[in-house]
Amino acid sequence: MMTSRWMYSFEEGDGHNKALLGGKGANLCEMTQIGINVPPGFVVTTEACTAYLEDPEKKLPDGLMEQARAEMAALEKRTGKGFGDAEHPLLVSVRSGSALSMPGMMDTILNLGLNAQTLEGLIRQTGNARFAYDAYRRFIQLFGKVALGVSDELFDHEFDQIKERFGVRADLDLTAEALSEISQRFLEVVASQTGRAFPSDPYEQLELAIRAVFQSWTGRRAVDYRREFGIRPEQASGTAANICTMVFGNMGNDSATGVGFTRNPGDGENQLYGEYLVNAQGEDVVAGIRTPRPIVELEREMPDNYAELLALRERLEQHYKEVQDFEFTIERGTLYCLQTRNGKMNAAAMVRTSVEMHEEGLITRDQALARVQPAQLEQMLFPGLDPTHTAKPVATGLPASPGAASGQVVFDADRAVELGQQGLPILLLREETKPEDIHGFFAARGILTSRGGKTSHAAVVARGMGKPCVAGAEGISVNVVTRTAMVGPHSISEGDILTIDGSNGDVYLGEVPTVEPEFTDSLTTLLEWADARARLKVRANADTPDDAERALRYGATGIGLCRTERMFNAADRLPIVVDMIVAETSEERAEALERLLPIQRADFAGLFRAMAPRPVTIRLLDPPIHEFLPEERQLEEEINRLHDLRGAVRGMEILAETSRLGAEASVSSGLQELGSTRLLDAALARKELVLAKVRALHEVNPMLGHRGVRLGITFPEIYRMQVRAVLEAVVECLKDGVEIDPEIMVPQVCTVQELMLVRTQLEEVRAEVEAEHGIEVPCRFGSMIEVVRACLRAESMAEVAEFFSFGTNDLTQAVFSFSREDAENKFLPMYNERGILRDNPFEVLDIKGAGRLMSLSVEWGRSTRPDLHVGICGEHGGHPESIRFCHSIGLDYVSCSAPRVPIARLAAAQAALED
């Protein structure tokens, strides 16, 4: 039986096959093959990981360790060292790496191959006992935690005790003797926790390490990360394990380790960016254990190596045509590149680098559009601190991820999740964060650490999420045990409010006001390119002139949905709406509507003027009219209070009638304050009338009941008033020389007969308005398509409707027979977790169900009316994957909330690119 090939050396591996070798492994192979100085090594494939995870007994695949021995022999030959050799020991790292970058989410083990014998060999080989014991204690702790499941806190406790006994505060001040004692204590911790001695056989260490790296694919933080970022099994299945010869940045002051970006990941500036530590290992930088120094300072400390880094930066970016995030080590003056990957940047940096890299000739315009994830643009819409605020920062750290956030302080990730699920704004405050804190990042509005730098775990993950982060705020002392922190003289307890500004690193007590962000020049340029590339137009859902003006600032090409019911809720018109609802006769209802008419006309005229000359689509009244009335219980309580008050007032009236003059004066004063029974009787009568109407309008399932077009047909005077208000607003604008493009659409239509009735009404009102004003009144007539039957009758609908607009929120509810609120609160999360449904269909358009109906509707509607204009105005109109589908079935536009317009513009361009 032929054994599968489970591994490839860096010289052999295909650098383009990230699915097999993982992103890190593929890049190590590619860098090796283009001549970059990479420590030699090999990659254990993602297929091996999948085979291991699928094995019920969790055994490594047959032949894997035999192949590993062969690869290790080749490494021994290339390095002149021996794995387990006491004279010239070969040490390796074992690092994870999936097809898609998941920084810090899986496990790594360094210095593997050390034991009592190779430790002595390392001391003889380097002549540096302190370095050797430092490497050994690091290996025991990391291997103990990752491969053997020993808690980090147990090691940290022993470490702190030794430091205290030796009177040492900084790790670098520990002597070889102290580090030797720490190593011995760590071995004892492992033995006591596992019941066996620490593994000394290097090949046993290697096997356990490969298993641990594979197993970390199913660890909580990796699973949470994939779920949060929507990484599906077909995109990344398992992790590779990268076995790489160790090089050491902690061999003295001619050694260093660091992380670099070919451009600034915070703002996109075209300069080398990063941090480094002298005499340290890479984990010290990324874990935030020590606060590193800016990479520009390396030019003064190690000028030759700095020049090499500049050359490496140029070579990586020219080769990969992308901003690179790379790790490096300098071992006794020799520079090694340990890994590279596409840099994770916030949206502002991604947009800026896309525009500038195109202008530099590094990438095409289409590539510039394709490299920015549309949803990432949300980050550029985050608020910043109000520049007029007068608050003084109490601490300052490193600006690790831009944006501002306020929230209640919590000190651990589990607590952040617990309070976040209660809807509370959370700020996660830690000494330094670890990969296992990832679930707390998802729950928090912002992250604050007292240690670490701009390339620490907290900074990298926060930037990827677009969440504000301040790192290395050394003026803050954190005590996770007591859940408190000290900031100078100020004591911070869990639940206290802090504000952070991730753009400059400032930390404030309390909540500081924020302001809306503004478009950058780069974003404006990128979105102009997107508009030129896209076929789909992007409109906005807007209900007021202010909404319309905001939508224009975001680049909307019109209003795809104006919800007229939103206009009814304003304080100056809701009482009139209630009068209309409780009216007992058509005359009373007409009188109330007559009062609403000029208000609605002014609303529509304001929208038309704000959006001129772009299209504005007005949806006639949709929700059940009982939604404008108080709830039955609230009315009953108010009526009871009025009855009690009336009894008290009547008693005072009787007293006033029978008492002496002096008493009369005080009683009269009380009556003046409370009112008379006549006034209270009028108020009671009104409340009881409204209560009776609430009971009369009660429906078992109102969302499937008396709403939308059904309301407009049973109370035609409501739609007649709204149509007249629209058409009179059109006349007003035309007479003022304002060029407009109005549309009226009807909600909840299920049959063409409904459309015909409303269309007839519209034409009657249009004729009246034209006769009154002596002017032709343009206005297109269309239908919402949100009822399944309407989809199936699209051919006949198009005989009357000049345009369709899909209301995918209601259509999705109808297709699934789900109530959105109940589904999302009761069972949808479980459906998603168990794979019954891949996505929440109210967030991601259900292409196979609702999408299939949409596709048929477009096809059948245009068979009747070839020039039928079709759009979408449900919440899916701002979702990139849904927009891609809308493009594919030939829609003309999408409409979404104003802040999502930039996202939709870019998504529309990317949909066109895929053609």
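In the block above lies the structure referred to throughout.
A quick note: this is a predicted structure, and the numbers were derived from the prediction, not measured. (Residues numbered from 1 in each chain as written. Predicted model: local features only at pLDDT ≥ 70, side-chain atom pairs only at ≥ 80, totals over all residues. Heavy atoms only, no water.)

Caption draft 1: Here's a closer look at the sheet that holds strand E22 (residues 506-509). Across the sheet, which stays open at both edges, the 8 strands sit in the order E12-E22-E21-E14-E15-E16-E17-E13 with mixed pairing between neighbours. On the outer flanks of this sheet lie strand E12 (395-396) and strand E13 (398-401), each paired with one strand and no other. Both strand E15 (residues 426-430) and strand E16 (residues 446-449) contribute to a ladder of 4 bridges, which runs parallel. When the sheet's bridge partners are listed, Arg430 is paired in E16 with Thr449. On top of the sheet, helix H15 (residues 413-420) reaches strand E14 (404-410) and E15; it is set at about 175° to E15, its chief contact. (Pairing = 2+ DSSP bridges. Helix = DSSP H or I, 4+ residues; strand = E, 2+ residues; numbered from the N terminus. Contact = heavy atoms within 4.5 Å. Axes fitted to C-alpha atoms, helices over the stretch in contact; angles between N-to-C directions.)

Caption draft 2: A look at the sheet that holds strand E8 (residues 293-294). The strand order across the open sheet formed by 5 strands is E8-E7-E6-E9-E10, and the pairing between neighbours is antiparallel. Taken across any chain shown, the strands that pair with only one partner, and hence form the sheet edges, are E8 and strand E10 (334-342). In the sheet, strand E6 (residues 256-261) pairs with strand E9 (residues 324-331) via 6 bridges, with the strands oriented antiparallel. Bridge pairing links Gly258 to Phe328 in E9. In the packing of helix H12 (residues 303-320) onto the sheet, contacts are made with E9 and E10, and the angle to E9 comes to roughly 150°.

Caption draft 3: Spatial organisation of the environment of Phe10. Inspection of the secondary structure puts Phe10 in the loop between strand E1 (7-9) and helix H1 (18-33). You can call Phe10 buried: its relative accessible area is 1%. In this structure, Phe10 is in contact with Leu28, Cys29, Thr32, Gln33, Val38, Pro39, Pro40, Gly41, Phe42, Val43, Ile243 and Cys244, ignoring residues within four places of it in sequence. (Buried < 20%, exposed > 50% of the residue type's maximum accessible area, 1.4 Å probe, protein only.)

Caption draft 4: Summary view of the packing of helix H19 (residues 545-553) against helix H22 (residues 586-611). One can describe the packing of H19 onto H22 by two numbers: an axis separation of 8 Å at closest approach and a directional angle of 15°. Here H22 runs roughly parallel to H19, going by the angle between their axes. The handedness of the crossing between H19 and H22 comes out as right-handed. Of the residues in H22, those touching H19 at Pro545, Ala548, Glu549 and Leu552 are Gly606, Leu607, Ala610 and Met611. (Parallel < 35°, antiparallel > 145°, perpendicular 65-115°, else oblique. Left-handed = near helix turned anticlockwise from the far one by under 90°.)

Caption draft 5: Examining a negative patch on the surface more closely. On the surface, Glu153, Asp156, Asp160 and Glu164 cluster together into a patch of negative charge. As for its placement among the helices and strands, Asp156 is situated in helix H6 (residues 152-165). (Patch = residues over 30% accessible without salt bridge, like charges linked within 9 Å, V, L, I, M, F, W, Y side chains within 5 Å. Areas by Shrake-Rupley, 256 points an atom, 1.4 Å probe, with all protein chains shown as cover. Salt bridge = Lys/Arg side-chain N within 4 Å of Asp/Glu carboxyl O. Lys, Arg positive; Asp, Glu negative; His and termini not counted. Charge placed at Lys NZ, Arg CZ, Asp CG, Glu CD.)

Caption draft 6: Broad picture of unusual backbone geometry. At the junction of Ala612 and Pro613, the peptide bond is cis and its omega measures out at 0° in the coordinates. With respect to the helices and strands, the residue Pro613 is situated in the loop between H22 and strand E26 (615-619). Phi at Arg483 takes a positive value of approximately 55°, unusual for a residue other than glycine. Relative to the helices and strands, Arg483 is located in the loop between strand E18 (476-479) and strand E19 (484-487).

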